[in-house]
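For reference, the chains in residue letters:
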Amino acid sequence: MKERTLILLKPDAVQRAIIGELLQRFEKTGLKIIGLKMVQATDAIAGEHYANDEAWLLSVGEKTKKSYESKGLKLDKTPHELGQNVRQMLIAFLKSSPTVAVCLEGHGAIEKIRSVIGSTAPIAATPGTIRGDYSLDSYQLADTKRRAITNLVHASDSKDNAEREIKIWFKSDELCPYERVDEFLLYG
Ligand code: ADP
Ligand code: MG
């Protein structure tokens with residue numbers, strides 16, 4: 001029941017001064033903040049977070065291709081090449097300014113937060129989601145400018161990734177387990 005997830009408020013969220021607003025949205029879900037810190041990412045941290053993992057590179061590349069195809073556009077590069085390219089842009093972006101790392105704990109934390117943040121491209125993200133409400137970026141705009149999509153937040157997409165990512169950003173003694181007074185209402 002006590003699932004954990006890792007959120008990053010990426011450099012665009014920090015630069016746009018909406019850290020507080022975004023944290024409030026996470027807190028209001030009922031999920032509990034058990035870790036919180038600001039970090040200036042290095043090559044090592046950014047490269048570990050966006051790991052050179054074949055499955056991830058392919059999934060990012062496939063998603064990019066699909067987005068182009070849905071608009072009747074074509075990309076010459078393979079999903080692997082696209083994934084590699086995005087990885088380099090993401091590492092540069094993550095290093096461009098501080099990032100706020102948040103560890104949240106609670107029932108269904110991973111699924112809940114993925115739905116709160118919305119889909120990858122803000123232009124298509126549902127209003128009411130963070131990406132839908134706070135950004136207008138798209139695959140095409142980001143690719144034309146040769147930069148990462150500015151979509152404000154990262155959130156873990158599976159239990160394995162959540163545990164891997166939490167270890168990158170937090171030492172075990174930087175996580176603080178505690179009871180929240182509203183837990184009896186949230187969990188019954
Ligand atoms: P999500 O963050 O929704 O899980 P992905 O894991 O597919 O999305 O991609 C990781 C991040 O890489 C995205 O949040 C976005 O910032 C960036 N990104 C993905 N595809 C592209 C692309 N084609 N061009 C630029 N940036 C991209
Ligand atoms: Mg992802």
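1. Quick notes on the site of ligand 1
- Lining the immediate surroundings of ligand 1 are 17 residues, of which Lys 63, Thr 120, Arg 131, Asp 143 and Asn 151 lie closest.
- Here an oxygen atom of ligand 1 and a side-chain polar atom of Thr 120 are 2.6 Å apart.
- One of the side-chain nitrogen or oxygen atoms of Asp 143 is found 2.8 Å away from a nitrogen atom of ligand 1.
- In isolation ligand 1 offers 530 Å² of accessible surface; the protein chains occlude 96% of this area.
- Among the detected pockets, ligand 1 sits in the largest pocket.
- Those elements giving two or more residues to the shell around ligand 1 turn out to be α4 (54-70), α5 (79-95) and α8 (139-144).
- The leading source of residues in the shell around ligand 1 is α4, at 4 residues.

2. As for the environment of Ala 17
- As for its position among the elements, Ala 17 is in the loop between α1 (11-15) and α2 (19-28).
- With 51 residues separating them along the chain, Ala 17 and Tyr 68 place their C-alpha atoms 31 Å apart.

3. Some details on the layout of surface pockets
- In this structure, the largest pocket spans a volume of roughly 690 Å³.
- Breaking the lining of the largest pocket down by element, the ones donating at least two residues are α4, α5, α8, β4 (153-155) and α9 (159-169).
- Here the lining of the largest pocket takes 5 residues from α4, the largest share from any one element.
- Approximately 190 Å³ is the volume attributed to the second largest pocket.
- Taken together, Thr 64, Tyr 68, Leu 75, Lys 77, Leu 82, Asn 85, Val 86, Met 89, Asp 143 and Arg 146 make up the lining of the second largest pocket.
- Counting only elements with at least two residues in the lining of the second largest pocket, the list comes to α4 and α5.
- If one sorts the elements of the lining of the second largest pocket by residue count, α5 sits on top with 4 residues.

Reading the values: rules and limits
Residues numbered from 1 in each chain as written. Chains lettered and ligands numbered in written order. Predicted model: local features only at pLDDT ≥ 70, side-chain atom pairs only at ≥ 80, totals over all residues. Heavy atoms only, no water. Near = heavy atom within 4 Å. Polar contact = N/O pair within 3.5 Å; in protein donor to acceptor, adjacent residues only side chain to side chain. Areas by Shrake-Rupley, 256 points an atom, 1.4 Å probe, with all protein chains shown as cover. 1 Å grid on protein atoms, 1.4 Å probe; cavity = no way out; pocket = protein on both sides within 12 Å on 5 of 7 lines; lining within 4 Å. Sits in = over half its atoms within 2 Å of the grid points. Helix = DSSP H or I, 4+ residues; strand = E, 2+ residues; numbered from the N terminus. Points joined across faces, edges and corners; volume = space filled by probe spheres on them.

Keep in mind that these numbers describe shape and distance, not what the molecule does.
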